[in-house]
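# Observations on the model geometry
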Amino acid sequence: MKLKGLFTCTLIILSGAWFSHLHAQTDAEPSYETMYDEPYNINKLYLAFQPLYGELFATNVNAGFGLEAEYYHGTKFNLKAHTRKTYSSKFFDFNRELALKNSSVSNTPEIFNYFELGGTYHISDFDVYSKTKFLLIPAADSKKQRVPTAYPGMMEVSGKLRKIIGARAGAIIWNSTMDVNRTLEDQGLSNSDLKNSNNESLQDAIGSNQQINVFSNIYATNIYVGGSLALIRNMAVDFEGYSQGLEDGIFTVFFDLMYAPSLRIDPIVYNDIEYASSPIKLSTFGARLGAEGKFNRKLGWGYGGELGYRPSISGSGFFAMFKISFPVYSSDLKKKEKDTE
């Protein structure tokens, strides 16, 4: 019995040692060397092609492509220009497609277009030390594999995180086809409220018991002011036995208040007579919350999204938009010195 008890205790001790050895292997972290950690040393100019954006806009659902350019002037400010438009009317410009197929009036449906130009002044530009996670991928060269195969998968490394607190301002111009029938119904109006210079209503022109499909166009010039927070990392780490890790993200969140000094709807043209669209109520104020990201590489990709209420037809300003950028080209704008013999 004593021999059996001694054997059992020995087995338990050996098993515990074996599992402890396995656990140590799993939690083993490789040594590493920081190759560079320079969040202020980022490229100055970023040019992005956006093959896809989608927007759920209460005034007009649309989707298409865009172009974007952004310039960083050191720690002082950055500027951005952005434009986008729909691929075509079919499926990508909802109200324009409806108007082309069903409109009973002479108004020419506008293609959805969007232009934005703005800048951000860096109120505060500083850096702090914080930890970031790197994915550990075994090196392709098996000879470099000098750590246990049961690697932890992720590893935290301390580095500089640059933070930019900014004040934003800019202008937005956009235009779109709008569904007048739906707008009138939502606002408790009718064709009887749309009148010509002789004070005759559109309903009188089409007949008291008749209905037609009415579409027009809306044009907006918006200005915005707001604030933003940008987080920038630009570091590379050489892990023993693993591929080099790169963390070079530029992530920005922002909030803007918007106002439309110019917001108008085309008059309705029916049988060559114009009927004023002024009874339709408009909302000149709005706000948005957004986020976007890209990478500090010569060739990379990016993403972004916004949610808010845009100055537009009253009750139809809500929008949610996402965009994907690929490729994103960037440059430090420094001329390469030619080799001289």
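This one's a predicted model, so the numbers in the text were calculated from it and none came from an experiment.

The rules behind the values
Residues numbered from 1 in each chain as written. Predicted model: local features only at pLDDT ≥ 70, side-chain atom pairs only at ≥ 80, totals over all residues. Heavy atoms only, no water. Buried < 20%, exposed > 50% of the residue type's maximum accessible area, 1.4 Å probe, protein only. Helix = DSSP H or I, 4+ residues; strand = E, 2+ residues; numbered from the N terminus. Contact = heavy atoms within 4.5 Å. Pairing = 2+ DSSP bridges. Axes fitted to C-alpha atoms, helices over the stretch in contact; angles between N-to-C directions. Salt bridge = Lys/Arg side-chain N within 4 Å of Asp/Glu carboxyl O. pLDDT = per-residue confidence, 0-100. Polar contact = N/O pair within 3.5 Å; in protein donor to acceptor, adjacent residues only side chain to side chain. Phe/Tyr/Trp six-rings, centres within 6.5 Å; stacked < 30°, edge-to-face > 60°. Lys NZ or Arg CZ within 6 Å of the ring centre and 35° of its normal. 1 Å grid on protein atoms, 1.4 Å probe; cavity = no way out; pocket = protein on both sides within 12 Å on 5 of 7 lines; lining within 4 Å. Points joined across faces, edges and corners; volume = space filled by probe spheres on them. Nonpolar A, V, L, I, M, F, W, Y, C, P; charged D, E, K, R; others polar.

### Section: helix α2 (residues 94-102)
For α2, the full list of buried residues reads N95, R96, E97 and A99. Turning to α2, the residues buried within the fold contact β6 (154-179), α3 (180-186) and β7 (215-232).

### Quick notes on the sheet that holds strand β9 (residues 245-247)
If you walk across this open sheet you meet the three strands as β1-β8-β9, and the pairing is antiparallel. At either end of the open sheet lies a strand with only one pairing partner, and these are β1 (32-37) and β9. Strand-to-strand, the axes of this sheet are offset by a mean angle of 15 degrees, without reference to chain direction. Examined bridge by bridge, strand β8 (residues 235-239) and β9 share three bridges and lie antiparallel to one another. Its bridge partner being in β9, M235 is matched across the sheet by E247.

### Points about the pattern of salt bridges
Applying the stated criterion across every chain yields a total of 14 salt bridges. The closest approach of N and O atoms between D256 and R168, which form a salt bridge, is 2.7 Å. Of this pair, D256 sits in strand β10 (residues 249-265) while R168 sits in strand β6; the two residues are 88 residues apart in sequence, bridging distant segments of the chain. Just as D256 is buried, R168 falls in that class too. One salt bridge connects R264 with D266, and the closest N-O pair in it is separated by 3.2 Å.

### Observations regarding the sheet that holds strand β5 (residues 113-135)
Read around the closed barrel, ten strands run β2-β3-β4-β5-β6-β7-β10-β14-β15-β17, paired in antiparallel fashion. For this sheet, the mean angle separating the axes of adjacent strands, direction not counted, is 25 degrees. The sheet contact formed by β5 and β6 spans 22 bridges and is antiparallel. By the bridge assignment, N113 is partnered in β6 with N175. Docked against the sheet, α2 engages β6 and β7, running at close to 25 degrees with respect to β6.

### What about the confidence of the model for the protein chain?
Mean pLDDT over the protein chain works out to 89, with 86% of the residues at or above the 70 mark. In this model residues 13-26 is a low-confidence stretch, pLDDT under 50, and it forms five contacts with partners more than four residues away in sequence or in other chains. Counted against residues more than four places away or in other chains, residues 337-341, with its pLDDT under 50, gives zero contacts.

### Some words on the side chain of D248
The residue D248 is located in the loop between β9 and β10 in this model. A polar side-chain atom of D248 sits 2.8 Å from a polar atom in the side chain of R297.

### Brief notes about the packing of aromatic side chains
Under the criterion given, the structure shown has ten aromatic pairs. Between F57 and W174, the ring centres sit 5.4 Å apart and the planes meet at 75 degrees, which makes this aromatic pair edge-to-face. Of this pair, F57 sits in strand β2 (residues 45-57) while W174 sits in strand β6, placing them 117 residues apart in sequence. Each member of the pair, F57 as well as W174, carries the same accessibility label: buried. Between F295 and W301 the ring centres are 5.4 Å apart and the planes differ by 40 degrees, which places this aromatic pair in the tilted class. You can call F295 buried: its relative accessible area is 18%. Connected via pairs of aromatic rings, a cluster forms that spans Y32, F134 and F239. Taking the ring centre of Y114 as reference, the NZ or CZ of R84 above it sits at 3.9 Å.

### Focus: empty space enclosed by the protein
Tallied over the entire structure, the rule returns three cavities of 30 Å³ or more. Taken as a whole, the largest cavity spans an internal volume of roughly 210 Å³. Together, 21 residues line the largest cavity, and E70, N78, T120, R168 and T252 are the ones closest to its centre. Among the secondary structure elements, those contributing two or more residues to the lining of the largest cavity are β3 (62-73), β4 (77-86), β5, β6, β7 and β10. Taken together, the residues of the lining of the largest cavity sort by class into nine nonpolar, seven polar and five charged. The calculated volume of the second largest cavity comes to roughly 130 Å³. Taken together, 15 residues make up the lining of the second largest cavity; nearest its centre are A48, E68, G293, K294 and S325. For the lining of the second largest cavity, the class distribution of residues is six nonpolar, four polar and five charged.

### Some words on the pairing of β8
Taken across its five residues, β8 has four buried, putting it largely inside the fold. Sheet topology places β1 next to β8; five bridges connect them, and they run antiparallel. In the strand pairing of β8, D37 is matched with M235.

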